[in-house]
Amino acid sequence: MTPSLPAAAALVGALLSPPVDPATVYNGRLRQVAVTPPRVEASVNVDGVLDEPVWTRAALLTGFSQFAPKDGIPAADSTEVLVWYSPTAIHFGIRAYEPHGAVRATLSERDKIENDDYVQLLLGTYNDGRQATVVMVNPLGVQADGVLKETGQTSTASFMGSVESRESANLSPDFVFESKGRLTPWGYEVEVRIPFKSLRYQSAASQTWGLNVTRSVQHSGYEDSWVPAQRANTSFLAQSGTITGLTGLRRGLVLDLTPEVTDRADGLAAADGKWRYTTRSPDVGANIRWGLTNNLTLNATVNPDFSQVEADAGQFSFDPRQALSFAEKRPFFLDGIEQFATPNNLFYTRRMVQPIAAAKVAGKVGATNIGFLTAIDDRAASTTGRDRPLFNVLRVVRDLGAQGRVGMLYTDRVDGANSNRVLNAEARRVRGRIYTGTVQLAGSQTTRAGRTFSGPLWDVRLARNGRAFGVSTVLNGIDPDFRTETGFISRGGQVHALIAPRYTIFMPQGSRIESLTPNIAIDGLWFYDRFFERGDARDKKLHFNLDANLRGGWNGTLAFLVETFGYDPGYYGALYRIAAPRPGGGTDTLLFTGTPRLPNRDYVIRVASPQFKWFSANALFLWGQDENFYEWASANIVYLSAELNLRASEQLRLGATYQLQEYDRLHGGGTVGLLRNPRVKLEYQATRAISARIIGEYFSESVLDLRDEGRTGYPLLRRSGTGWAPALGYRDNSFRADWLVMYQPQPGTVFYVGYGARMTEPEPMKFEHLVRRDDAFFVKASYLFRR
């Protein structure tokens with residue numbers, strides 16, 4: 001029988017591989033997962049070709065297993081990883097065989113390889129089964145990196161997406177390492193060199209690190225792992241193999257100095273109608289990173305540039321009573337950010353708006369994680385308008401047993417006579433690999449305008465993460481007087497309870513439907529005081545979801561949502577009044593009491609495609625009867641979120657998103673609220689270091705004159721200064737355009753030139769009478785000096 005062309009190509013690739021000593025082969029399927037790589041006094045040219053003699057002496061990792069969508073079976077595609085180390089770096093050589101489909105690879109920007117095939121190296125340098133440095137490469141060697149610190153909360157159920165099989169890495173931090181890859185007739189080959197300077201690790205003379213390797217295959221949607229990890233486990237990292245016998249590691253002096261300079265010109269229309277730009281002296285600053293020991297690092301910054309090179313993408317909120325948070329993008333905060341993580345996000349770095357200076361120490365000593373940060377913010381962020389807020393954050397976490405921990409966090413923000421202090425403690429316990437319990441208790445004390453008040457926050461979470469059956473439970477309470485001015489709480493003064501069971505049905509191998517996961521979410525929200533009085537829940541939700549993974553990488557969700565939302569007098573009572581007509585003329589201003597309870601019935605469809613050669617797409621569509629938050633009344637609602645990613649070539653990419661939110665009054669009267677938000681991003685990657693992008697984003701919101709739709713039909717009044725004014729309709733049609741040219745050969749060394757402008761027009765989406773409102777040019781340069 002003649003082998004197929006792909007199979008023959010894979011055979012040729014295997015025959016061309018240099019011979020390896022069988023004693024150094026570690027087969028994951030056979031549980032040979034304790035690797036002893038050779039220490040070789042050698043250096044290689046990182047060119048993506050594993051032809052140097054040292055590679056024949058490397059340890060070979062093979063025998064990968066599928067992890068998602070179904071675990072415990074041999075991987076469909078063969079993967080080999082070679083490992084050796086020198087005194088100053090650890091080296092990996094990757095051969096990924098692909099006999100079944102096309103390899104997906106683009107010359108993309110750093111950390112933007114999720115739509116490509118890629119291999120992920122997880123280095124648990126503390127060998128604690130809790131955290132790992134993550135190094136990812138696509139077939140061309142384009143890099144992504146970050147950290148993975150597991151919490152154990154892996155069992156989820158939501159109509160917004162499929163049930164997650166494991167926690168994802170935070171790709172915000174960047175490390176310096178080398179990689180180069182190439183496509184081959186049998187798949188792809190990548191070479192990676194990670195300097196020990198870029199890692200934090202133990203101080204022992206002989207090191208043992210945790211190690212696992214995963215591979216994502218886009219044409220099938222499969223994820224494979226070297227260690228045959230099980231989904232029925234609270235931790236993916238705890239199932240890692242090990243690298244043992246690492247000796248004579250020479251990290252040397254770790255001292256990174258990154259001076260930077262930023263300049264910008266801001267444009268506005270002057271009183272005479274002419275457009276004028278204002279400039280100021282260039283901002284000069286510096287960042288320093290100093291390795292105090294192998295496992296503790298000091299970061300400091302003076303007069304830093306914390307400007308972002310790309311505006312935050314627009315977000316829609318289902319509930320305007322909930323605040324929105326945005327991801328951190330500023331480099332100083334990202335290094336070691338995992339050391340400060342807590343349940344309920346009590347440390348949110350974007351609270352520090354424009355620090356003048358900041359410093360932090362982070363790392364792990366023995367079984368104890370330590371993080372301390374201090375920062376002085378600009379007067380513009382002061383509540384008094386004349387003081388510079390001072391932040392201090394201390395985080396300590398102690399490992400207990402295999403996966404348990406206890407931790408504390410102390411934060412304070414002192415702003416003249418005003419202050420906010422938070423003390424937090426939490427504990428986590430794992431039993432039987434699939435059961436997790438977490439308890440958190442925090443308290444705050446706040447002084448504002450001479451008044452001091454305090455309040456608690458408490459949180460209890462229990463989870464079972466079985467392979468088929470899983471369940472998550474949450475009971476969380478936040479006192480109305482609890483405040484955190486260094487963290488992020490979307491809304492306080494309430495108690496939240498959730499139970500979310502799910503059951504996954506795995507179909508026989510080769511089936512068109514690979515797995516089905518029916519899941520339910522039973523969710524309740526109480527006013528904080530009413531919960532302790534055993535009162536009725538304000539908001540009640542019962543969500544029925546069905547998630548499906550299909551052969552070829554397709555997945556989707558069907559959902560039916562049954563909800564009731566109760567009137568919130570604390571929010572709407574302060575926001576609105578009713579203009580009630582008098583029988584003899586004129587109006588009376590009455591309290592807006594709202595409809596006591598709004599019933600909801602919604603339907604959801606979500607579909608996501610695999611990554612095809614030229615494109616991928618996903619969409620979520622929700623419709624039904626839901627709350628009209630503008631007027632606190634029931635409405636017919638339509639919500640759409642769609643995304644399309646086109647890859648015209650290896651270097652040119654186009655990403656487009658569209659969000660729509662529409663509220664139609666039930667009994668006539670038109671569309672009370674319509675929000676539309678299209679965004680287009682065009683990127684060209686000339687080389688791995690040089691790229692350019694153009695972004696256009698339109699935000700349109702149209703709102704009618706508001707009325708007491710649920711009860712009287714009378715016009716609503718909105719607070720205006722010390723009085724009340726008609727809640728008139730409005731339109732906001734704004735368009736933002738940005739372009740950026742970037743040179744970034746490595747983290748820390750960058751050169752940006754960019755421009756951004758904001759425009760408005762009277763009619764939505766016409767692009768006929770756009771008026772420029774403001775714009776800005778900026779340039780930024782920094783250079784990493786590394787000892």
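Please read these numbers as outputs of a predicted model, since none were measured by experiment.

**Re the pattern of salt bridges**
Stage number 1. Counted according to the given criterion, the structure contains 38 salt bridges.
Stage number 2. Salt-bridge contacts for Asp399 lead to Lys364; the nearest nitrogen and oxygen are separated by 2.6 Å. Taken as a pair, Asp399 in strand E22 (residues 390–400) and Lys364 in strand E20 (residues 355–365) lie far apart in primary sequence, 35 residues in all. For the pair shown, Asp399 and Lys364 are each scored as buried.
Stage number 3. Among the charged side chains, a network of salt bridges with common partners joins Asp128, Arg130, Lys364 and Asp399.

**A look at the pairing of E20**
Stage number 1. In this sheet, E20 lies alongside strand E19 (residues 296–302) in antiparallel orientation, the contact comprising 7 bridges. The residue bridging Ala300 from the neighbouring strand is Ala359, located in E20.

**Some thoughts on the sheet that holds strand E33 (residues 576–581)**
Stage number 1. Read from one edge of the open sheet, 4 strands run E34-E33-E41-E42, paired in antiparallel fashion. Strands with a single pairing partner mark the edges of an open sheet, and in this sheet they are strand E34 (587–591) and strand E42 (723–726). The sheet shows a mean angle of 45 degrees between the axes of neighbouring strands, taken without regard to direction.
Stage number 2. Pairing between E33 and strand E41 (residues 716–720): 3 bridges, direction antiparallel. Each bridged residue has a counterpart across the sheet, and for Arg577 the counterpart in E41 is Leu717.

**Section: unusual backbone geometry**
Stage number 1. The step from Ala68 to Pro69 runs through a cis peptide bond, and the omega angle for that step is 5 degrees.
Stage number 2. Along the chain, the position of Pro69 falls in the loop between strand E4 (65–68) and strand E5 (73–74).
Stage number 3. Despite not being glycine, Phe767 shows a phi value in the positive range, around 60 degrees.
Stage number 4. Turning to its location among the elements, Phe767 is positioned in the loop between strand E44 (749–760) and strand E45 (771–782).
Stage number 5. Look at Phe767 and you get partly exposed, because its relative accessible area is 44%.

Cut-offs applied
Residues numbered from 1 in each chain as written. Predicted model: local features only at pLDDT ≥ 70, side-chain atom pairs only at ≥ 80, totals over all residues. Heavy atoms only, no water. Salt bridge = Lys/Arg side-chain N within 4 Å of Asp/Glu carboxyl O. Helix = DSSP H or I, 4+ residues; strand = E, 2+ residues; numbered from the N terminus. Buried < 20%, exposed > 50% of the residue type's maximum accessible area, 1.4 Å probe, protein only. Pairing = 2+ DSSP bridges. Axes fitted to C-alpha atoms, helices over the stretch in contact; angles between N-to-C directions.

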